[in-house]
Amino acid sequence: MPTYCSFPHLARNLRAQRGLQAVPDAYVPVIKMKFDGIEIDLLYAQLAYAEVPEKFDITDAIHLKNIDEKSVLSLNGCRVTDMILQLVPNVDTFRTVLRAIKLWSKRRGIYGNVYGYLGGVSWALLAARICQFFPNAAPGVVVNRFFLVCTRWIWNASNPVKLNEIKDSEYGLTHKVWNPSIYPRDALHLMPIITPAYPAMNSTYNVSESTKSVMVEEFKRGLDITMAF
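Keep in mind that what you see is a predicted model, and the values were worked out from it rather than measured. (Residues numbered from 1 in each chain as written. Predicted model: local features only at pLDDT ≥ 70, side-chain atom pairs only at ≥ 80, totals over all residues. Heavy atoms only, no water.)

Undergrad: When you look at a nonpolar patch on the surface in this model, what are you seeing that I'm missing?
TA: A contiguous nonpolar surface patch, about 240 Å² in accessible area, is contributed by Phe35, Ile38 and Ile40. Relative to the helices and strands, Ile40 is located in strand S3 (residues 38-43). Among the residues examined, Ile40 registers a relative accessible area of 31% and is labelled partly exposed. (Patch = residues over 30% accessible without salt bridge, like charges linked within 9 Å, V, L, I, M, F, W, Y side chains within 5 Å. Areas by Shrake-Rupley, 256 points an atom, 1.4 Å probe, with all protein chains shown as cover. Salt bridge = Lys/Arg side-chain N within 4 Å of Asp/Glu carboxyl O. Helix = DSSP H or I, 4+ residues; strand = E, 2+ residues; numbered from the N terminus. Buried < 20%, exposed > 50% of the residue type's maximum accessible area, 1.4 Å probe, protein only.)

Undergrad: Whenever I open this one, the pairing of strand S2 (residues 30-35) confuses me. Can you help?
TA: Successive residues of a regular strand alternate their side chains across the two faces of the sheet. Sheet analysis places S2 next to S3, joined by 6 bridges and oriented antiparallel. Bridge pairing links Val30 to Leu43 in S3. The antiparallel hairpin formed by S2 and S3 contains 2 residues in its connecting segment, where Asp36 sits at a positive phi of about 55°. (Pairing = 2+ DSSP bridges.)

Undergrad: Quick question: what am I supposed to make of the packing of aromatic side chains here?
TA: The description of two aromatic rings rests on the distance between their centres and on the angle between their planes. All told, the structure shown has 12 aromatic pairs when counted by the stated rule. On the numbers, 6.3 Å between centres and 40° between planes, the contact of Trp123 with Phe146 is tilted. Here the residue Trp123 occupies a position in helix H4 (residues 120-133), and Phe146 occupies one in helix H5 (residues 139-152), the gap between them amounting to 23 residues. Assessed through its relative accessible area of 0%, Trp123 is described here as buried. An angle of 80° between the planes, with centres 6.1 Å apart, marks the rings of Phe146 and Phe219 as edge-to-face. Of the two residues, Phe146 sits in helix H5 while Phe219 sits in helix H7 (residues 209-227), which places them 73 residues apart along the sequence. The residues Phe146 and Phe219 share a single accessibility class, namely buried. One aromatic cluster is present, built from ring pairs that chain together Trp104, Trp123, Phe133, Phe134, Phe146, Phe147, Trp153, Trp155 and Phe219. (Phe/Tyr/Trp six-rings, centres within 6.5 Å; stacked < 30°, edge-to-face > 60°.)

Undergrad: Is there a simple way to explain the nonpolar core in this structure?
TA: Buried together is how nonpolar side chains tend to be arranged in soluble globular proteins. Counting residues in each nonpolar core, the largest one holds 40 residues, and the members touching the most others are Ile84, Phe94, Trp123, Leu126, Phe146, Trp155 and Phe219. Elements with a minimum of two residues in this core: helix H2 (69-87), helix H3 (91-107), H4, H5 and H7. For this core, the leading source of residues is H4, giving 8 residues. Residues in contact with Ile84, not counting those within four places in the same chain, are Phe94, Ala124, Leu125, Ala128 and Leu163. Membership of the second largest hydrophobic core comes to 14 residues, among which are Ile58, Ala61, Val72 and Ile194. (Core = buried A, V, L, I, M, F, W, Y, C linked by side-chain atoms within 4.5 Å. Contact = heavy atoms within 4.5 Å.)

Here it is in structure tokens:
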């Protein structure tokens, strides 16, 4: 069975891949490559199965049993994406809103966890929460409400953005779950946006006071612009 360390050696034999690079020390280990000209970040998880079951629901936390923490992190990327689509009231509206918000955040230079801003998952979770607040609104209205809510939101660990209730455990699993009342480090998070899949994690752990203030000002600017239409 291939492991994270051996899989890159196997993947290098693929004719269409270029520039393969393993990043094992990342928070979520990733294998970067170009495949047939398309940039891909490939996550790797080693399940406790000899083979993947035919009926495999990745959102079911039972698949987290007997696997290492890095595999849990890798699986949660896919699990969070699937759960977001299950939790929004209108998938088409959500996708349209998210495209607009991601384009805006990149144009305004406030996109990317590595820079202390929000990454793709965090923007998706934030957009999904606004869609939940306004389930019947058109995409253009939701974008305006996005800036309105984000401008007025009280950003601290006592008021996290979350799509569902945080579960302390599933199937008797004991993975660390984000909880500022138990973990002092969690209480220091400035703009907590919590993933919906167990174990719940804060997707914005890199946000600092300075990057938070920049984003809040950009929310206000976005509100002013969208209110003009």
